[in-house]
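Coordinates in review
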Amino acid sequence: MSTVLFWFRNDLRLHDQSALHAACQLGAQHLLPVVCLPDMQATTAWGFARIGPHRRAWMVNTIQNLLKGLLDKRSQLLILNQPAATALPALARAVGASTIVCEDIAAPEEQAEVAALRAAGLQVHTVWHSSLLHPQHLPWPVQRLPAVFTPFRQQIEQAGLQPAAPLPAPATLPPAPPNVPNDWLGDPTQTLAALAGSPTAAYARSAFPYLQGELHGGEAAALAHLQQYLARGLPHSYKRTRNDLLGLDYSSKWSPWLATGALSPRQAMAQLRQFEAEHGASDGSYWLWFELLWRDYFRFLHLQHGPALYRARGLGPAQATSHNDQRFATWRAGQTGQPLVDAAMRELAATGYLSNRLRQVAASYLIHDLACDWRAGAAWFEAQLLDYDVYSNQGNWLYIAGRGTDPRGGRRFDPIKQAATYDPGGTYQRLWGTA
Ligand SMILES: Cc1cc2nc3c(=O)[nH]c(=O)nc-3n(C[C@H](O)[C@H](O)[C@H](O)COP(=O)(O)OP(=O)(O)OC[C@H]3O[C@@H](n4cnc5c(N)ncnc54)[C@H](O)[C@@H]3O)c2cc1C
């Protein structure tokens, strides 16, 4: 085998890169790393751009960092502004490759991409590596996953399961093939700069002022952020502050890096365990593990249920789904008249980030108060969130809509009570001009 294509998907890093290790182990003479940009002009069925400006800027910044990391290893990164299903078979023909290695992603569109590559005659090796725990190491086959999170977590803890140690970044990579035709090479820096756009984030008010200071995309900034979060002892206060609404430090802010794969969850967990060994474990440090298990749970639900999670009824019984375009538009614009929800929606649109507490309140309001289709809300979050993650987004929306596995039905959050509890002085609502 002379050339293997390595297709980076939602795993834009070199540390703890099981798929890249697998590609290197194939023993090919040449390895050609490639990333396919999503269609930045795509629109959703709900009438707005599928990838909003914040997410686009973050993604581009992340790929720029990956490019640098690969150049440092004397490799390269082909950045293709075309869908994988058309670009990769043509590229493989051009460089004489027949094998692609990539991350396994258990979501319908991503599965369809791999199926299209196989239908085009390519051998595609997919490697699962986005979760903390490997699905094959769980106490049950994924088909028998507990339907509720608490027994899922408890049984994992009773079994003493821990993630495998993260892999180091490969010391060297097989060189890229010398025969990549010029029309495939382009100028990656220019390609990316043209796509980055110029988002105008409300940095001064943002809980995650990305592209400012140290908050850049890619693994270098991810690892530095993790390091400083631990060095300042913030895990100890996490459980107490995680429902706050203002500032950078109330929660870990690992998600923008986890979502692009710039940070491996096993790397985060290994360093958290090291922190606990040096400074003692606490409720707060435990709770970060707890939340990362939620992240895993939504991944495994996808392995179990696949495309059924994308139906209007989700996993529930067939039932009518109401929707109202006008009410949905007011929600997106932060103009519903409900001050906490409006403040949240303004923060999301202005910054690309929103706390977990307010994601819950805003999602609940759209579904249970405005009687809109949960899939429309999920699509809006997909467009806006820097940390958009197909598994966590779909799973959380289904959970609040009551159309996932949890038998207790949907979750309604009373926005007035939520405001009294989490923004008693109205500071957050004033910041976003709704109080
Ligand atoms: C409607 C809705 C949509 C969401 N969409 C996304 C999404 O697209 N991408 C995303 O990463 N998270 C999503 N979440 C989960 C959660 O809000 C974010 O992970 C969290 O707010 C990110 O900030 P943080 O890294 O500071 O989290 P922290 O509170 O510091 O938590 C640490 C990590 O645990 C994981 N985590 C925490 N809460 C959850 C949760 N409820 N579900 C899954 N994982 C969790 C994340 O990886 C997070 O980075 C959504 C939640 C809701 C209610």
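Residues numbered from 1 in each chain as written. Predicted model: local features only at pLDDT ≥ 70, side-chain atom pairs only at ≥ 80, totals over all residues. Heavy atoms only, no water.

Some remarks on the pairing of strand 2 (residues 30–36)
Within a regular strand, side chains alternate between the sheet's two faces. Counting buried positions along strand 2 yields seven of seven residues, so the element is predominantly enclosed. Here strand 1 (residues 3–8) runs beside strand 2; their pairing, made up of six bridges, is parallel. Directly across from Thr3, in strand 2, lies its bridge partner His30. In the classification by handedness, the crossover that spans strand 1, the intervening helix 1 (residues 18–25) and the parallel strand 2 is right-handed. Pairing of strand 2 with strand 3 (residues 78–80) involves three bridges; the strand directions are parallel. Opposite Val34, over in strand 3, you have Leu78 as the bridge partner. Between the parallel pair strand 2 and strand 3, the chain is carried across by helix 2 (residues 53–72), and the sense of this crossover is right-handed. (Buried < 20%, exposed > 50% of the residue type's maximum accessible area, 1.4 Å probe, protein only. Helix = DSSP H or I, 4+ residues; strand = E, 2+ residues; numbered from the N terminus. Pairing = 2+ DSSP bridges. Right-handed = clockwise from strand over helix to strand, strands pointing away.)

Brief notes about the site of the ligand
In the vicinity of the ligand there are 26 residues, among which Tyr238, Ser251, Ser252, Lys253 and Asp387 approach most closely. Residue Glu291 places a side-chain N or O atom 3.2 Å away from a nitrogen atom belonging to the ligand. Contact distances for the ligand include 2.8 Å between an oxygen atom and a side-chain N or O atom of Asn356. Contact with the protein chains removes 97% of the 810 Å² of surface that the ligand exposes when unbound. Among the secondary structure elements, those contributing two or more residues to the shell around the ligand are helix 10 (255–260), helix 12 (283–305), helix 15 (356–369) and helix 17 (390–401). (Near = heavy atom within 4 Å. Polar contact = N/O pair within 3.5 Å; in protein donor to acceptor, adjacent residues only side chain to side chain. Areas by Shrake-Rupley, 256 points an atom, 1.4 Å probe, with all protein chains shown as cover.)

Comments concerning the packing of aromatic side chains
All chains considered together, the criterion is met by 30 aromatic pairs. Summarising the aromatic geometry, the rings of Phe152 and Tyr297 are spaced 4.7 Å apart at their centres and angled 55 degrees between planes, so their arrangement reads as tilted. Within this pair, whereas Phe152 is found in helix 5 (residues 149–158), its partner Tyr297 is found in helix 12, the two being separated by 145 residues in sequence. What makes Phe152 buried here is its relative accessible area of 0%. Cluster of aromatic residues (ring-pair linked, three or more members): Trp140, Phe149, Phe152, Tyr286, Trp287, Phe290, Trp294, Tyr297, Phe298, Phe300 and Tyr399. We note Arg332 situated over the ring of Phe328; from NZ or CZ to the ring centre the distance is 4.7 Å. (Phe/Tyr/Trp six-rings, centres within 6.5 Å; stacked < 30°, edge-to-face > 60°. Lys NZ or Arg CZ within 6 Å of the ring centre and 35° of its normal.)

Here's the deal with the environment of Asp16
Its location among the elements puts Asp16 in the loop between strand 1 and helix 1. For Asp16, a relative accessible area of 2% corresponds to the buried category. The spacing of Asp16 and Phe208 is 192 residues in sequence and 25 Å in space, taken between C-alpha atoms. The contacts of Asp16, once residues within four sequence positions are left out, are His129, Pro166, Leu167, Pro168, Ser264, Arg266 and Gln267. (Contact = heavy atoms within 4.5 Å.)

Some thoughts on the pattern of salt bridges
Taken as a whole, this structure holds 13 salt bridges when the rule is applied. Across the salt bridge formed by Glu113 and Arg9, the nearest N and O atoms sit 2.8 Å from each other. Of this pair, Glu113 sits in helix 4 (residues 108–119) while Arg9 sits in the loop between strand 1 and helix 1; the two residues are 104 residues apart in sequence, bridging distant segments of the chain. On the basis of relative accessibility, which here comes to 28%, the residue Glu113 falls in the partly exposed class. For Arg9, a relative accessible area of 8% corresponds to the buried category. Ionic pairing is found between Lys68 and Asp72, a salt bridge with its closest N-O pair at 3.3 Å. (Salt bridge = Lys/Arg side-chain N within 4 Å of Asp/Glu carboxyl O.)

A short note on the UniProt feature "domain: Photolyase/cryptochrome alpha/beta" (unreviewed entry) in the chain
This chain's UniProt record puts "domain: Photolyase/cryptochrome alpha/beta" (unreviewed entry) on residues 2–132. The span residues 2–132 carries 40% helix and 20% strand; its end-to-end C-alpha distance comes to 33 Å. (UniProt positions renumbered as here; feature names shortened; annotations may be inferred.)

Brief notes about the side chain of Gln429
Relative to the helices and strands, Gln429 is located in helix 19 (residues 427–431). Judged by relative accessible area, which is 8%, Gln429 ranks as buried. Beyond its immediate stretch of four places on either side in the chain, Gln429 contacts Pro339, Leu340, Ala343, Ala419, Asp423, Thr434 and Ala435.

Structural notes on the state of the cysteines
The full count for this structure, using the stated rule, is zero disulfides. Here Cys24 stays free of any disulfide, with the sulfur of Cys102 as its closest cysteine sulfur at 15 Å. According to the relative accessible area criterion, Cys24 is partly exposed, its value standing at 23%. (Disulfide = S-S within 2.5 Å.)

Some thoughts on unusual backbone geometry
Positive phi, normally seen in glycine, also occurs at Arg74, with a value near 60 degrees. Among the residues examined, Arg74 registers a relative accessible area of 77% and is labelled exposed.

Thoughts on the domain arrangement of the chain
Reports often express the size of an interface as the amount of accessible area lost when the parts come together. By the assigned domains, the chain splits into domain 1 (1–129), domain 2 (134–163 + 217–310) and domain 3 (311–431). Once you take the C-alpha centre of each, domain 1 and domain 3 turn out to be 31 Å apart. Each side of the interface is counted separately: domain 1 has 15 residues, and domain 3 has 21 residues. Taken together, the two surfaces of domain 1 and domain 3 that pack against each other cover about 1300 Å², and 63% of this comes from carbon and sulfur. When residues of domain 1 are sorted by the area they lose upon contact with domain 3, Trp46, His54 and Arg55 head the list and together hold 50% of the total. The interface formed by domain 1 and domain 3 includes one salt bridge. (Domains from an automatic or database assignment. Buried area = accessible area lost by both parts, 1.4 Å probe.)

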